[in-house]
Amino acid sequence: MEINNNQLLRFTTAGSVDDGKSTLIGRLLYDSKSIFEDQLDAVSQTSAKKGYDGVDLALFTDGLKDEREQGITIDVAYRYFTTPKRKFIIADTPGHIQYTRNMVTGASTANAAVILIDARHGVIEQTKRHSFIASLLNIPHLIVCINKMDLVDYSEEVYNNIIAQFEEFSFKLITKDIRFIPISALLGDNVVNYSKNIEWYHEGTLLSVLENLHISSDINKIDARFPVQTVLRPQNEEFRDYRGYAGRIASGIYRVGDEVAILPSGFQSKIKSINSGAQEVQEAYAPMSVSITLEDDIDVSRGNMIVRKNNQPKMEQEFDVMLCWLANEAAKPRAKYTIVHTSHEERAVIKDVVYKLDVNTFERDSEDSNLSMNDIARVKIRTTRRMMLDAYRDNRNTGSIILIDENTNETVAAGMVI
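This report concerns the structure included in the present document. (Residues numbered from 1 in each chain as written. Predicted model: local features only at pLDDT ≥ 70, side-chain atom pairs only at ≥ 80, totals over all residues. Heavy atoms only, no water.)

1. A look at the overall build of the protein
Helix and strand counts for the protein come out as seven helices and 23 strands. Here the C-alpha coordinates of the protein stretch approximately 70 × 55 × 40 Å along the principal axes. Taken over 418 residues, the protein has a buried fraction of 54%. Counting only contacts in the protein whose residues sit at least 6 apart along the sequence, the fraction spanning at least 24 positions is 71%. (Helix = DSSP H or I, 4+ residues; strand = E, 2+ residues; numbered from the N terminus. Buried < 20%, exposed > 50% of the residue type's maximum accessible area, 1.4 Å probe, protein only. Contact = heavy atoms within 4.5 Å.)

2. Observations regarding the sheet that holds strand 1 (residues 8–14)
Paired through their backbone hydrogen bonds, the strands of a sheet run either parallel or antiparallel. Pairing within the open sheet is mixed, and its six strands lie in the order 2-3-1-4-5-6. Sheet topology places strand 2 (77–82) and strand 6 (177–182) at the edges, where each strand pairs with a single neighbour. Shown here is a sheet whose adjacent strand axes are inclined to one another by a mean of 25 degrees, direction ignored. Across seven bridges, strand 4 (residues 112–118) lies against strand 5 (residues 141–147) in parallel orientation. Bridged to Ile115 within strand 5 is Val144. Running over the sheet, helix 1 (residues 21–31) touches strand 1, strand 2, strand 3 (87–92) and strand 4 and is turned about 160 degrees from strand 3. Helix 4 (residues 100–107) rests against strand 1, strand 2 and strand 3 of the sheet, and its axis sits at about 165 degrees to strand 1. (Pairing = 2+ DSSP bridges. Axes fitted to C-alpha atoms, helices over the stretch in contact; angles between N-to-C directions.)

3. Let's talk about the nonpolar core
A general tendency of soluble globular proteins is for nonpolar side chains to be buried together. In this structure, Phe11, Leu28, Ile143, Ile146 and Leu206 are the most contacted members of the largest nonpolar core, which totals 68 residues. When residues in this core are grouped by element, the largest group, six residues, is from strand 4. Ignoring any residue separated from it by four or fewer positions in sequence, one finds Leu206 in contact with Leu24, Leu28, Val114, Ile143, Cys145, Ile181, Asn190 and Val191. Counting residues in each nonpolar core, the second largest holds 22 residues, with Phe319, Tyr337, Ala377 and Val379 among its members. (Core = buried A, V, L, I, M, F, W, Y, C linked by side-chain atoms within 4.5 Å.)

4. Some words on a negative patch on the surface
There is a patch of like negative charges on the surface, built from Glu125, Asp358, Glu363, Asp365 and Glu367. As for its placement among the helices and strands, Asp365 is situated in strand 20 (residues 364–365). (Patch = residues over 30% accessible without salt bridge, like charges linked within 9 Å, V, L, I, M, F, W, Y side chains within 5 Å. Areas by Shrake-Rupley, 256 points an atom, 1.4 Å probe, with all protein chains shown as cover. Salt bridge = Lys/Arg side-chain N within 4 Å of Asp/Glu carboxyl O. Lys, Arg positive; Asp, Glu negative; His and termini not counted. Charge placed at Lys NZ, Arg CZ, Asp CG, Glu CD.)

5. Some points on the packing of helix 4 against helix 5 (residues 125–136)
Close contact between helix 4 and helix 5 brings their axes to 10 Å; oriented N to C, the two are set at 40 degrees. The pairing of helix 4 with helix 5 is recorded here as oblique in orientation. Both helix 4 and helix 5 take part in a crossing whose hand is right-handed. Residues Thr100, Met103 and Val104 of helix 4 pack against Arg129, His130, Ile133 and Ala134 of helix 5. For the contact of helix 4 with helix 5, the per-class residue count stands at four nonpolar, two polar and one charged. (Parallel < 35°, antiparallel > 145°, perpendicular 65-115°, else oblique. Left-handed = near helix turned anticlockwise from the far one by under 90°. Nonpolar A, V, L, I, M, F, W, Y, C, P; charged D, E, K, R; others polar.)

6. A few points about the environment of Ala77
The residue Ala77 is located in strand 2 in this model. Along the sequence, Ala77 and Leu389 sit 312 residues apart, while their C-alpha atoms lie 31 Å from each other.

7. Remarks on the side chain of His344
Examined against the element boundaries, His344 turns out to sit in strand 19 (residues 344–357). A distance of 2.9 Å separates polar atoms of two side chains, one belonging to His344 and the other to Glu346. His344 has contacts with Gly303, Ile339, Arg386, Met387 and Met388, leaving out every residue within four places of it along the chain. (Polar contact = N/O pair within 3.5 Å; in protein donor to acceptor, adjacent residues only side chain to side chain.)

8. Quick look at empty space enclosed by the protein
Enumeration according to the criterion identifies one cavity of 30 Å³ or more in this entry. Looking at the largest cavity, the residues that line it are Arg10, Phe11, Tyr78, Ile89, Ala91, Gly106, Thr109 and Ala110. When contributions to the lining of the largest cavity are tallied by element, the ones reaching two or more residues are strand 1 and strand 3. The class makeup of the residues in the lining of the largest cavity is five nonpolar, two polar and one charged. (1 Å grid on protein atoms, 1.4 Å probe; cavity = no way out; pocket = protein on both sides within 12 Å on 5 of 7 lines; lining within 4 Å. Points joined across faces, edges and corners; volume = space filled by probe spheres on them.)

9. Brief notes about unusual backbone geometry
For residues besides glycine, phi is generally negative; the peptide bonds are generally trans as well. Of note, the amide linkage connecting Leu263 to Pro264 takes the cis form, showing an omega dihedral of 10 degrees. On the secondary structure map, Pro264 appears in the loop between strand 11 (259–263) and strand 12 (267–276). Even without a glycine there, the phi angle at Asn138 is positive, about 60 degrees. Considering the arrangement of structural elements, one finds Asn138 in the loop between helix 5 and strand 5.

10. Examining helix 5
In this model helix 5 runs 16 Å from its N-terminal to its C-terminal C-alpha over twelve residues, within 8% of the 16 Å that 1.5 Å per residue would give. A large share of helix 5 lies buried, amounting to ten of its twelve residues. For helix 5, every residue scored as buried is listed here: Gln126, Thr127, Arg129, His130, Ser131, Phe132, Ile133, Ala134, Ser135 and Leu136. Backbone geometry just downstream of helix 5 places Asn138 in the positive-phi region, at approximately 60 degrees. (Expected span 1.5 Å × (residues − 1).)

11. So, the packing of aromatic side chains
Here the structure, examined in full by the defined rule, presents nine aromatic pairs. With 6.2 Å between their ring centres and 80 degrees between their planes, Phe11 and Phe88 make a pair best called edge-to-face. Remark: Phe88 occurs in strand 3 and Phe11 occurs in strand 1; sequence separation between them is 77 residues. Judged by its relative accessible area of 2%, Phe11 is buried. Overall, the relative accessible area of 0% leaves Phe88 in the buried class. A centroid spacing of 6.1 Å and a plane angle of 65 degrees characterise the contact between Phe226 and Tyr254, whose relative ring orientation is edge-to-face. (Phe/Tyr/Trp six-rings, centres within 6.5 Å; stacked < 30°, edge-to-face > 60°.)

12. Quick look at the layout of surface pockets
Space inside the largest pocket adds up to approximately 1600 Å³. Along its surface, the largest pocket is lined by 46 residues, and Thr109, Arg248, Ala250, Pro287 and Asn397 are the ones closest to its centre. Elements that contribute at least two residues to the lining of the largest pocket include exactly strand 1, helix 4, strand 18 (336–341), strand 22 (400–405) and strand 23 (411–417). At four residues, strand 23 tops the list of elements feeding residues into the lining of the largest pocket. For the lining of the largest pocket, the residue count by class is 20 nonpolar, 19 polar and seven charged.

Right, here's the structure in full:
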């Protein structure tokens with residue numbers, strides 16, 4: 001199946017410290033010839049200063065000075081590269097437990113998660129934690145790379161044992177598309193090029209799996225959701241009476257003539273026209289950015305949502321959310337926050353902490369109601385007015401929220417509507 005180069009795949013990497021995530025991405029960029037010469041020169045010089053024989057591939061992703069000096073990844077590093085088949089955005093997330101929040105933010109928009117396992121150590125606690133967070137974030141595809149195969153003599157038995165270990169706990173995960181690849185990031189085995197050392201493996205290199213991953217069906221095409229970002233009133237001769245509602249389609253398909261409802265008012269109309277840039281189109285679908293005009297003169301503003309008349313999200317003022325606490329300071333009881341959902345903002349309070357989740361053991365603790373940095377918990381949120389919500393598992397765009405501290409303007413939490 002030929003994939004056109006316009007399709008963008010976002011993937012995140014996760015694994016414990018020293019599993020070789022940054023080296024893997026460096027190898028992917030290096031072998032797919034996606035590195036500029038000046039980058040290559042700079043990294044070659046740094047590698048030489050450190051006394052390495054060759055190029056330290058990890059330096060291509062570790063952008064912060066502290067990361068390069070300590071040899072660890074601290075922040076989420078985004079890297080962009082392209083091949084003739086596809087465009088890619090990589091979110092390289094840190095492995096330490098104290099950076100759980102970084103992994104959650106880096107992975108929230110990913111189509112796939114690449115989980116690294118050190119072949120010498122097999123499945124460890126952090127493997128389970130990262131896989132569970134990827135599953136919690138509803139990432140549709142998991143690619144488990146069993147790295148450092150060169151250090152276990154490319155043993156098929158070691159590889160199969162690790163798959164068995166992974167499958168022992170993976171039945172608890174929501175993600176059903178899980179693939180395994182034996183690799184050596186350092187030596188380049190099965191990353192971009194096939195390995196002559198792993199002749200017993202025939203499923204495809206990491207790059208070929210990423211290039212051919214079927215992601216078109218990951219977008220919800222059934223529930224039409226169009227959050228209005230702004231109202232367009234050009235006020236010029238050509239568009240004297242033009243009143244368009246601009247934004248990015250979160251899910252579904254919109255066609256000229258469709259009967260739609262405007263939420264939260266509930267007023268109904270029909271789509272008169274759809275513009276994508278300067279071009280008028282008959283239909284538009286997620287994730288296109290478009291401007292829609294309606295046949296009736298209805299008061300529509302930022303934060304409203306245009307949906308199909310017979311397919312609407314839930315309108316709720318109190319709802320449950322799986323929340324990851326991002327702020328350094330713990331949550332204050334009954335504190336007021338600004339809740340941001342698509343282009344809609346309201347005031348909100350965390351009414352109750354139902355349970356906290358241990359991401360290492362998957363156990364629930366309903367006794368502890370304190371939320372501090374990196375905690376993941378199921379909470380009840382109450383808002384000043386009704387919100388237009390879908391469950392996160394059905395729609396990642398209209399099922400996600402963030403909480404902002406009204407005093408500091410800091411984003412303190414990110415959540416998934418249950």
